[in-house]
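This is what each chain is made of:
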Amino acid sequence: MTAATPISPIPVAPAGLTRRAKSFVEVEGIRVPRQGIGRHRDAWITHGIPAAEIDRAAAFQDRWGGLALPPAPFYESGPRILDADVPEGSAAEGWWIPAGEGRVSMAYGFLIGPGGEFGIHGSRWAPLHASTDGWVEALALAAHARRWAKTITRITGKAVASLDLDGYEQVPEVQGMTDTWWRGTDSLIALYRGEAVGLDAPQCLEAHIYGGLHEWGLHGG
């Protein structure tokens, strides 16, 4: 794809998402034209970047490149536009792919990890979700929960570590790693641990508790 390639601003959600996330992408998202990264292939290979990593970046760009989604409830609102760039790393450490610039200046970047994880890197790597699909699923679930919850409670720091999750189960579609979502009988809890890990800053722990949810609020979409 080149800059001149016509593209609809109304995105078509990639296959494999839940109905909730598909609707979120197609109703709330915008697709903007992005240049393909294939034109950089020879130069990147010359600079020692493995062809397999360039192919991985191109696959990310094909699936997600140019997609702008509503602000995330944490991480300074998330990437402005999902967009791959030159892979960085080494054979010894692994390779990471930039996943798009943040909306504001911040102390970490959004990256796709060696195993396809979506995460942030500050003083160290913090994989948030096992894939970009998980990140998008989490954004869609947060938007859904905000719409249907009777109460929304934000807690931070040590209070997050003492949360009692007895009776809750993890929400599988968000593919949680450092960050996780939990479903109870009438509430959803989002645990945001990424900044605490990526910045080595335990005080950055944060949780959002969406209370008073009925069946559609808990499972709808």
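Placed above this text is the structure.
First, a word on scope: everything that follows refers to the structure included in this document. Model, not experiment: these values are computed from the prediction.

The next thing to look at is the sheet that holds strand β8 (residues 151-156). Read across the sheet, five strands follow the order β8-β12-β11-β10-β9 without closing on themselves; strand pairing throughout is antiparallel. Either end of the sheet is taken by a strand with one partner, and the two such strands are β8 and β9 (169-170). Taken together, the five bridges between strand β11 (residues 188-192) and strand β12 (residues 206-211) define a ladder with antiparallel strand orientation. Bridging across to β12, Ala-190 finds its partner in His-208.

Moving on, we get to the pairing of β11. In terms of burial, β11 is a largely internal element, five of the five residues being buried. Across the two faces of β11 the burial is the same, with Leu-188, Ala-190 and Tyr-192 and Ile-189 and Leu-191 all buried. Direction of pairing for strand β10 (residues 180-183) relative to β11: antiparallel, over a ladder of four bridges. Within β11, the position partnered with Thr-180 by the bridge is Leu-191. Taking the residues between adjacent antiparallel strands as the criterion, β10 and β11 are bridged by four residues.

In this section: the sheet that holds strand β6 (residues 118-121). The antiparallel open sheet is built from five strands, whose spatial order is β3-β4-β5-β6-β7. Either end of the sheet is taken by a strand with one partner, and the two such strands are β3 (88-90) and β7 (125-129). Averaged over all pairs of adjacent strands, the angle between strand axes in this sheet comes to 30°, irrespective of strand direction. Relative to strand β4 (residues 94-98), β3 runs antiparallel, the two sharing three bridges. Its bridge partner being in β4, Ser-90 is matched across the sheet by Gly-94. The strands that helix α3 (residues 51-64) touches are β4 and β5 (109-112); relative to β4, the one it contacts most, it runs at about 30°. Across the sheet, helix α4 (residues 132-148) lies against β5, β6 and β7, angled at about 60° from β7, the strand it touches most.

It is worth spelling out the nonpolar core at this point. Nonpolar side chains in soluble globular proteins tend to end up buried together. In this structure, Tyr-75, Phe-118, Trp-135, Trp-181, Leu-188 and Tyr-210 are the most contacted members of the largest nonpolar core, which totals 47 residues. Mapped by element, the contributors of at least two residues to this core are α1 (19-28), α3, β4, β5, β6, β7, α4 and β11. When residues of this core are assigned to their parent elements, the largest contribution, eight residues, is made by α4. Grouped together as the second largest cluster of nonpolar side chains are nine residues, Val-160, Trp-182, Leu-191 and Leu-205 included.

This next bit is on the packing of aromatic side chains. The tally for this structure, following the rule as stated, stands at 11 aromatic pairs. Ring geometry for Phe-74 versus Tyr-75: centroids 4.8 Å apart, planes at 75°, classification edge-to-face. This pair shows no difference in class: Phe-74 is buried, exactly as Tyr-75 is. With a centroid separation of 6.0 Å and 85° between ring planes, the pair formed by Tyr-108 and Phe-110 is classed as edge-to-face.

What follows concerns the side chain of Glu-117. Within the secondary structure, Glu-117 sits in the loop between β5 and β6. Buried and unpaired, Glu-117 has no salt bridge, with Arg-56 as the nearest side chain of opposite charge at 6.0 Å. Polar contacts involving the side chain of Glu-117 include one to the main-chain amide nitrogen of Gly-115, which spans 2.9 Å. Sequence-distant contacts of Glu-117, defined by excluding residues within four places in its chain, comprise Leu-111, Ile-112, Trp-125, Pro-127, His-129, Ala-130, Ser-131 and Met-177.

Turning next to α4. Along its 17 residues, α4 runs 25 Å from first to last C-alpha, staying within 8% of the 24 Å computed at 1.5 Å per residue. By the N-cap criterion, in which a side-chain oxygen at the helix start approaches the backbone nitrogen of a residue two or three places on, α4 is capped by Ser-131, the distance to Asp-133 being 3.2 Å.

Criteria and cut-off values
Residues numbered from 1 in each chain as written. Predicted model: local features only at pLDDT ≥ 70, side-chain atom pairs only at ≥ 80, totals over all residues. Heavy atoms only, no water. Pairing = 2+ DSSP bridges. Helix = DSSP H or I, 4+ residues; strand = E, 2+ residues; numbered from the N terminus. Buried < 20%, exposed > 50% of the residue type's maximum accessible area, 1.4 Å probe, protein only. Axes fitted to C-alpha atoms, helices over the stretch in contact; angles between N-to-C directions. Contact = heavy atoms within 4.5 Å. Core = buried A, V, L, I, M, F, W, Y, C linked by side-chain atoms within 4.5 Å. Phe/Tyr/Trp six-rings, centres within 6.5 Å; stacked < 30°, edge-to-face > 60°. Lys, Arg positive; Asp, Glu negative; His and termini not counted. Salt bridge = Lys/Arg side-chain N within 4 Å of Asp/Glu carboxyl O. Polar contact = N/O pair within 3.5 Å; in protein donor to acceptor, adjacent residues only side chain to side chain. Expected span 1.5 Å × (residues − 1).

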